[in-house]
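# Observations on chain architecture
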Amino acid sequence: KWNHVTGRGSVVGGNNETEIYTSNAANAHLDGNGHLVIAVTEVSGSFHSARLTSRFSQLYGSWEASIALPNSPGCWPAFWFLGKNGSWPGCGEIDCLESYGTSFTDGTVWNADVSNSVNGVSARPMDDGFHVYRLTSTQGRITLYRDNIAFVEADSSALTPWPFDINGGLYCLLNIATNGTGTGGVRPD
């Protein structure tokens, strides 16, 4: 149900990222207890990571994942979504969870030309434990949750142009970027 996206992060993901996305088991594997592990490794001075995309999509409904994150400056993990039809940014982008090594997680819903967004920061700091992150989508409305507490609410009247009712549904991406715009240029340790 998942595909690996491989290549240099600066090309695949943009944002001045420095990782190389691989399909190596060292960077994405199951731990034997039902958990997917996405890990950053350093190989000959380069950071390797994984970027996975779902082969499935849905127009409305919920997406949910139980995710544990260490607070790692220089690493930029994300649980996020793009529209199935069209190219970015017109297809829409929803960042259900991003972390920049600041001890908090945040989420953002972007409009179709990335000129406007609705952003929120989860009220509780990271603690290395598992937390449930959820995106709920209905016509004209997106809500992001951490442990059943909404921290981002966006609707089509306030966030135009709104792409989410015409983009063919959302598909999921999971990855850890390194360095880049999100981390303020901090090198992972």
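Residues numbered from 1 in each chain as written. Predicted model: local features only at pLDDT ≥ 70, side-chain atom pairs only at ≥ 80, totals over all residues. Heavy atoms only, no water.

## As for the sheet that holds strand β6 (residues 41-43)
Pairing in this open sheet of four strands is mixed, and the strands run β2-β3-β7-β6 from one edge to the other. Bordering the open sheet on either side are β2 (7-8) and β6, each of which pairs with just one other strand. Across two bridges, strand β3 (residues 20-21) lies against strand β7 (residues 46-49) in parallel orientation. Within β7, the residue paired with Tyr21 across the bridge is Ser49. (Pairing = 2+ DSSP bridges. Helix = DSSP H or I, 4+ residues; strand = E, 2+ residues; numbered from the N terminus.)

## Some words on the layout of surface pockets
By volume, the largest pocket is sized at about 800 Å³. Among the elements of the structure, β5 (36-38), β9 (61-68), β10 (75-83), β11 (93-99) and β17 (170-178) are those that each provide at least two residues to the lining of the largest pocket. With six residues, β9 is the largest single contributor of residues to the lining of the largest pocket. Taken together, the residues of the lining of the largest pocket sort by class into 22 nonpolar, six polar and three charged. As for the second largest pocket, its lining consists of 21 residues, of which Gly13, Asn15, Trp76, Trp80 and Glu93 are closest to the centre. For the lining of the second largest pocket, the secondary-structure elements that each account for two or more residues are β10, β11 and β17. (1 Å grid on protein atoms, 1.4 Å probe; cavity = no way out; pocket = protein on both sides within 12 Å on 5 of 7 lines; lining within 4 Å. Points joined across faces, edges and corners; volume = space filled by probe spheres on them. Nonpolar A, V, L, I, M, F, W, Y, C, P; charged D, E, K, R; others polar.)

## Considering the side chain of Ser122
Mapped onto the elements of the fold, Ser122 is located in the loop between β13 (117-121) and β14 (130-138). Under the relative-accessibility criterion, Ser122 is labelled buried at 4%. A distance of 3.1 Å separates a polar atom in the side chain of Ser122 from the backbone oxygen of Arg124. Non-local contacts of Ser122, meaning those with residues more than four positions away in its chain, are made with Phe104, Thr105, Arg146 and Phe151. (Buried < 20%, exposed > 50% of the residue type's maximum accessible area, 1.4 Å probe, protein only. Polar contact = N/O pair within 3.5 Å; in protein donor to acceptor, adjacent residues only side chain to side chain. Contact = heavy atoms within 4.5 Å.)

## Notes on the packing of aromatic side chains
Two aromatic rings, taken as a pair, are described by how far apart their centres are and by the angle between their planes. Tallied over the entire structure, the rule returns six aromatic pairs. Judged by centre distance (5.7 Å) and plane angle (55°), the rings of Trp76 and Tyr100 are tilted. Placement of the pair is Trp76 in strand β10 and Tyr100 in the loop between β11 and β12 (105-110), with a sequence separation of 24 residues. The exposure class assigned to Trp76 is buried, which follows from its relative accessible area of 9%. Relative to Phe81, the ring of Phe79 has its centre 5.1 Å away and its plane inclined at 65°; by these criteria the two rings are edge-to-face. (Phe/Tyr/Trp six-rings, centres within 6.5 Å; stacked < 30°, edge-to-face > 60°.)

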